[in-house]
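Residues per chain, in single letters:
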Amino acid sequence: MGRYTNFLLLTDLDGTLLPQNKLLSSVDLMAIRQFRSEGGKFSIATGRTLQAAQRYLDALELDTPVILFNGAAIYDPAMKSMLNTVTLPSAAVEVTRLVLDTFPDVSAEILCVDNTYVPRMTFYEQEHLRICQVEPVCEAFDELPHGGWLKVLFAMAPERMADVASFFHEKQIDFADFVQSEAHFYEMLPKSTTKGSALQKLRRMPLFRNMQVVAVGDFDNDLEMLQTADISVCPSNAQPCVQAVADLRLTASCDTGAIAELIDKL
């Protein structure tokens, strides 16, 4: 029994655990090792695919299930297997095609368990793939698989975001949910699928039953997770809407060891 026994610390990656350079800090790594050595369970909840998150799973030596694809998948790094996935219905195919036809400057990542498919490459898409260190499958839209989509990420210039969001709002699409996950990214997810819904599934697992969940996030796509947790936390760089719901607002940012500060406070 340690002082962190019965705590599950669940953190977002980009903008929360990861600084702008996308390299795990030694300060956070040391704090996480201490937290785990004294009985705490540590996991991540990210919008990234398994391919894009794998290097961090390895660096953190995670042995507890993690949330991927913004809640559309739960993966067990110890068993190297997916425990749960939720996919978009077939109607998502035509909607994605229509977005690409309507907005020639917007790209789409079609994200499946095993691959990232990109039918159109743009500057913002190329930058995202570079940062995530993902090698996509680049094919014409009609050549892509039209099933097994966990989510679609639309990448665009920030000033284009309002137009794309309005497009989806006007279409009144009821088979999917939409969330902005970064200044350049707007995502289509299976209905009622969020990091929060995935956290509810985690809590039903024997490993996490009766644990107090501390969740940390910085952006809109973290809101449901924070509202589902027992204790919600955000770094100082979090969006105003996240700061408004957090029980604890840290003085440190993602660049200055926010997770280490949180563990010290716990």
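Below is a short write-up of the structure.

Conventions used here
Counting restarts for each chain, with residues numbered from 1 along the sequence as it is written. Only residues with pLDDT of at least 70 are given local features in this predicted model, and only at 80 or more are side-chain atom pairs given and counted; all residues enter the totals for whole chains, interfaces and linings. Side-chain numbers come from the whole structure's heavy atoms, not from hydrogens or water. Secondary structure counts use DSSP, requiring at least four H or I residues in a row for a helix and at least two E residues in a row for a strand, with both numbered from the N terminus. In this description the radius of gyration comes from C-alpha coordinates, and the expected globular size is given by 2.2 Å times residues to the power 0.38. Here's how the labels work: a residue is buried when its accessible area is under 20% of the maximum for its type, exposed when over 50%, partly exposed in between, all with a 1.4 Å probe on protein chains only. For two strands to count as paired, DSSP must find a minimum of two bridges between them.

In this section: the overall build of the protein chain. For the protein chain, the helix and strand inventory stands at nine helices and 14 strands. In terms of overall size, the protein chain behaves like a compact globule, its C-alpha atoms giving a radius of gyration of 18 Å where 266 residues would be expected to give roughly 18 Å. With the C-alpha coordinates aligned to their principal axes, the bounding extent of the protein chain is approximately 55 × 35 × 30 Å. Counting every position in the protein chain, which comprises 266 residues, the buried fraction comes to 54%.

With that settled, the discussion passes to the sheet that holds strand β12 (residues 212–216). Whether parallel or antiparallel, the strands of a sheet pair through hydrogen bonds between backbone atoms. Spatially, the five strands line up as an open sheet ordered β2-β1-β12-β13-β14, and their pairing is parallel. The open sheet has two edge strands, β2 (41–44) and β14 (248–249), and neither has a second partner. Note that strand β13 (residues 231–234) and β14 share two bridges and pair parallel. Residue V233 lies in a different strand from β14, and its bridge partner there is L248.

Side-chain positions along a regular strand alternate between the two faces of the sheet. Note that strand β10 (residues 176–182) and strand β11 (residues 185–190) share six bridges and pair antiparallel. By the bridge assignment for β11, A176 is matched with P190. Hairpin connection between β10 and β11: a loop of two residues separates the two successive antiparallel strands.

Turning next to the environment of A59. By the element assignment, A59 lies in helix α2 (residues 50–60). Sequence-wise, A59 and L24 are 35 residues apart; in three dimensions their C-alpha atoms are separated by 8.4 Å.

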